[in-house]
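Structural overview
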Amino acid sequence: MSEGDRNILTVGEFLEQRPEELDTYLLSPRTLNKFGRILDIVNSSSRQSCCFTKAYGHYIEGTGSVLQMAQLDMHTVYKKFDMQQCDAEAACDRKGMAASEDVGEESVLSSLQLRYFTPREVANLLCFPQEFEFPDGLSDKQKYRLLGNSLNVQVVTQLIVSCFFLKPCTEPFKSATVSKDS
């Protein structure tokens, strides 16, 4: 880890602490089988994630990172996934099905316990203040749409200070990220 990375918080520091309610955010075995190769997977010790778009939670491809909850080696699980995919393709060939059709098999990727970030966690990653609340009655899909393509509040703050008050950021990455000291 480089010196500058120590000032960047881990993903785990933005997560909600409600494990009993997080099962609803797990990716389905069908989604894992179909899109398992294109997921951007982060874990609680990661220090970066992909941009979250308004389609997050609704579409999977290119809409944001997913969180690995299980403490397993991802590479080992993906080797098993590759074997499962090969077996599924062979079974499809035997049954005369297209390889892309769902064969109804549980995905080995389920063992990674991959889930979507909650809307509050996405807001946390974007440095929305803890006082920020969504209006009552919004679905998660509506919340993701509101947050989609938002900018990090800390980054925007630094840009406004730099542009309008002519104060250059002397350490742009350090001052543009949330640190444990702030």
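For the structure given in this document, a descriptive report is provided here. All figures in this text were calculated on a predicted structure; none of them were measured in a lab. For every chain, the first residue of the written sequence is number 1, and numbering continues from 1 onward in sequence order. Side-chain atom pairs in this predicted model are given and counted only at pLDDT of 80 or more, local residue features only at pLDDT of at least 70, and totals for whole chains, interfaces and linings cover all residues. Water and hydrogen atoms were dropped before computing side-chain values, which therefore reflect all heavy atoms in the structure.

Moving on, we get to the sheet that holds strand β1 (residues 41-42). One requirement defines pairing of two strands: DSSP has to find at least two bridges between them. By definition, any uninterrupted DSSP run of H or I lasting at least four residues is a helix, any uninterrupted run of E lasting at least two residues is a strand, and each is numbered from the N terminus. One open sheet holds the three strands; their spatial order is β1-β2-β3, and the pairing between them is mixed. Because the sheet does not close on itself, it has two edges, and the strands there are β1 and β3 (114-115). When strand β2 (residues 66-68) meets β3, the two strands line up antiparallel, connected through two bridges. Note on β3: the bridge partner recorded for Q68 is L114.

Once that is clear, we can look at the packing of aromatic side chains. For Phe, Tyr and Trp, rings pair up if their centres lie within 6.5 Å, where Trp contributes its six-membered ring, and each pair is then called stacked (planes under 30 degrees apart), edge-to-face (over 60) or tilted (otherwise). Scanning all chains against the criterion turns up seven aromatic pairs. The interplanar angle of 85° and the centroid separation of 5.1 Å between the aromatic rings of Y56 and Y144 together place this pair among those described as edge-to-face. Of this pair, Y56 sits in the loop between β1 and β2 while Y144 sits in helix α4 (residues 140-147), and the two are 88 residues apart along the sequence. Each residue is assigned to one of three classes by its accessible area relative to the maximum for its type, calculated with a 1.4 Å probe on protein chains only: buried under 20%, partly exposed between the two thresholds, exposed over 50%. Judged by its relative accessible area of 1%, Y56 falls in the buried class. One aromatic cluster is present, built from ring pairs that chain together F52, Y56, Y116, F117 and Y144.

With that out of the way, let us pick up the environment of G64. Assignment of secondary structure puts G64 in the loop between β1 and β2. Look at G64 and you get buried, because its relative accessible area is 12%. Taking the C-alpha atoms as reference points, G64 and L39, separated by 25 residues in sequence, lie 8.5 Å from one another. We call two residues in contact whenever any of their non-hydrogen atoms come within 4.5 Å of each other. In this structure, G64 is in contact with C50, C51, F52 and Y56, ignoring residues within four places of it in sequence.

A few words now on helix α5 (residues 153-164). The span expected for a helix works out to 1.5 Å for each residue beyond the first. Counted at 1.5 Å a residue, the expected span for α5 with its twelve residues is 16 Å, and the 16 Å between its end C-alpha atoms agrees. In the analysis that follows, any N or O atom pair within 3.5 Å is treated as a polar contact, provided that within protein one partner can donate a hydrogen and the other can accept it, and provided that, for residues neighboring in sequence, both atoms belong to side chains. Its side-chain oxygen 2.8 Å from the backbone nitrogen of Q154, N152 forms the N-cap of α5.

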